[in-house]
Amino acid sequence: MGNKIYVTAENDPRDYVGYELFGYPFNKKYPPDKTRYGQAYDGYANKTLGVLLYDFCVMGYDVELSFKGKNYYFMDAGEGVVTDSHFAERKEVFDSPMALVENFKIDGKTLLELAPEIEDIEPV
């Protein structure tokens, strides 16, 4: 019932996602370095970068993070959406999850700049 279209290496419209030899997706704009960082954070220097650059941007998981006691919620709806805790309100919308990660600012810094300081982050 219904025709689901599955994203594959051949039909993935995201220009920042690449596929390994065995078909596993990865972030080609910010590639992981498993030789340097290992497997713990999907090949990234810390959990925040692993969750944002792999779980959110590549795998499409929604994200909850805490910074200075305030919670933030991000949703992958094809676009990158800053939302509320119920994932119902569209507070700010970016062209893609990658655009959100690169351009959304907290205290004047992007999420990439804040990554080492983020207190808690989880894919949801």
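Here the structure is a predicted model, which is why all the values come from computation and not from measurement.

**Student:** Hey, could you run me through the sheet that holds strand β5 (residues 80-83) in this one?
**Tutor:** As a general point, the strands of a sheet are linked pairwise by backbone hydrogen bonds and lie either parallel or antiparallel. Pairing is antiparallel across the open sheet formed by five strands, whose spatial order is β6-β5-β4-β3-β9. Only two strands of the sheet have a single partner each, and these edge strands are β6 (90-94) and β9 (120-123). Sheet twist, expressed as the average angle between the axes of neighbouring strands with direction ignored, equals 20 degrees. Sheet analysis places strand β4 (residues 70-76) next to β5, joined by four bridges and oriented antiparallel. Looking across to β5, one finds that D76 is bridged to G80. In the packing of helix α2 (residues 47-56) onto the sheet, contacts are made with β3 (63-67), β4 and β9, and the angle to β9 comes to roughly 25 degrees.

**Student:** Looking at this model, I keep getting lost on the packing of aromatic side chains. Mind explaining?
**Tutor:** Note on aromatic pairs: each is described by the distance of the centres and the angle between the planes. For the coordinates displayed, the defined rule picks out five aromatic pairs. With a centroid separation of 6.1 Å and an interplanar angle of 70 degrees, the aromatic rings of Y72 and F104 are classed as edge-to-face. With a gap of 32 residues between them, Y72 in strand β4 and F104 in the loop between α3 (97-103) and β7 (105-106) connect regions that are remote in the sequence. Both residues of the pair, Y72 and F104, belong to the buried class. Between Y73 and F87, the aromatic rings sit 5.8 Å apart at their centres with planes inclined by 80 degrees, giving edge-to-face as the arrangement. Placement of the pair is Y73 in strand β4 and F87 in the loop between β5 and β6, with a sequence separation of 14 residues. A relative accessible area of 13% means that Y73 is categorised as buried. Ring pairing ties together the aromatic residues F56, Y72, F74, F94 and F104, which thus form one cluster.

Rules and cut-offs
- Residues numbered from 1 in each chain as written.
- Predicted model: local features only at pLDDT ≥ 70, side-chain atom pairs only at ≥ 80, totals over all residues.
- Heavy atoms only, no water.
- Pairing = 2+ DSSP bridges.
- Helix = DSSP H or I, 4+ residues; strand = E, 2+ residues; numbered from the N terminus.
- Axes fitted to C-alpha atoms, helices over the stretch in contact; angles between N-to-C directions.
- Contact = heavy atoms within 4.5 Å.
- Phe/Tyr/Trp six-rings, centres within 6.5 Å; stacked < 30°, edge-to-face > 60°.
- Buried < 20%, exposed > 50% of the residue type's maximum accessible area, 1.4 Å probe, protein only.

Geometry only, nothing functional implied.
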